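Inside the fold
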Amino acid sequence: MGAIPNTLKTSAIASFLLLYYDRVLGMPAVRASVALFFALLIDAISGPLVGSYSDHYRSKSGRRNLLMSVCTGYMLYICYRRHRLQPTFTANAV
């Protein structure tokens, strides 16, 4: 019963994602569908593998604390690096 809101949210996002790629971004629906299929396939394979690894991982700081810290640090680094590499837009004087 408690999973109903999460399921509805996920279904709504998944339903409109293909429409967004097709109508707003202009990506052909077949290409967007194939990309979404591979993303779901990779998630279906990697999810149980990462879950099993984190369940059996043991460290001094706890079972998942070190893994979450490393992943959070890596994601912050990626976000910062991406932000640094963004081009700066200037007004072109004509």
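Summarised in this report is the structure supplied together with it.

1. A short note on helix α1 (residues 4–24)
Helical geometry note: an α-helix holds 3.6 residues per turn, so side chains three or four residues apart project in the same direction. The first and last C-alpha atoms of α1 sit 29 Å apart over 21 residues, in line with the 30 Å expected at 1.5 Å per residue. Backbone geometry just downstream of α1 places glycine 26 in the positive-phi region, at approximately 80°.

2. Topic: the environment of histidine 56
For histidine 56, the position within the fold is in helix α2 (residues 29–56). Separated by 2.8 Å, the side chain of histidine 56 and the backbone oxygen of serine 52 make a polar contact.

3. Some points on the pattern of salt bridges
Under the criterion given, the structure shown has 2 salt bridges. Put simply, aspartate 55 and arginine 64 hold a salt bridge, and the shortest N to O gap is 2.2 Å. For aspartate 55, a relative accessible area of 33% gives the class partly exposed. Take arginine 64: its relative accessible area is 32%, and that puts it in the partly exposed class.

4. Description of the side chain of serine 54
Residue placement: serine 54 occurs in helix α2. Residue class for serine 54 comes out buried when judged on its relative accessible area of 11%. Side-chain polar atoms of serine 54 contact the side chain of arginine 64, separated by 3.4 Å.

5. Quick notes on α2
Given a rise of 1.5 Å per residue, 28 residues ought to cover 40 Å, and the 41 Å separating the end C-alpha atoms of α2 matches this to within 8%. Along its length, α2 shows its largest kink, about 25°, at serine 46, and proline proline 48 lies within four residues downstream of that point.

Definitions and cut-offs
Residues numbered from 1 in each chain as written. Predicted model: local features only at pLDDT ≥ 70, side-chain atom pairs only at ≥ 80, totals over all residues. Heavy atoms only, no water. Helix = DSSP H or I, 4+ residues; strand = E, 2+ residues; numbered from the N terminus. Expected span 1.5 Å × (residues − 1). Polar contact = N/O pair within 3.5 Å; in protein donor to acceptor, adjacent residues only side chain to side chain. Salt bridge = Lys/Arg side-chain N within 4 Å of Asp/Glu carboxyl O. Buried < 20%, exposed > 50% of the residue type's maximum accessible area, 1.4 Å probe, protein only. Bend = angle between axes of the 7 residues up to and from the residue.

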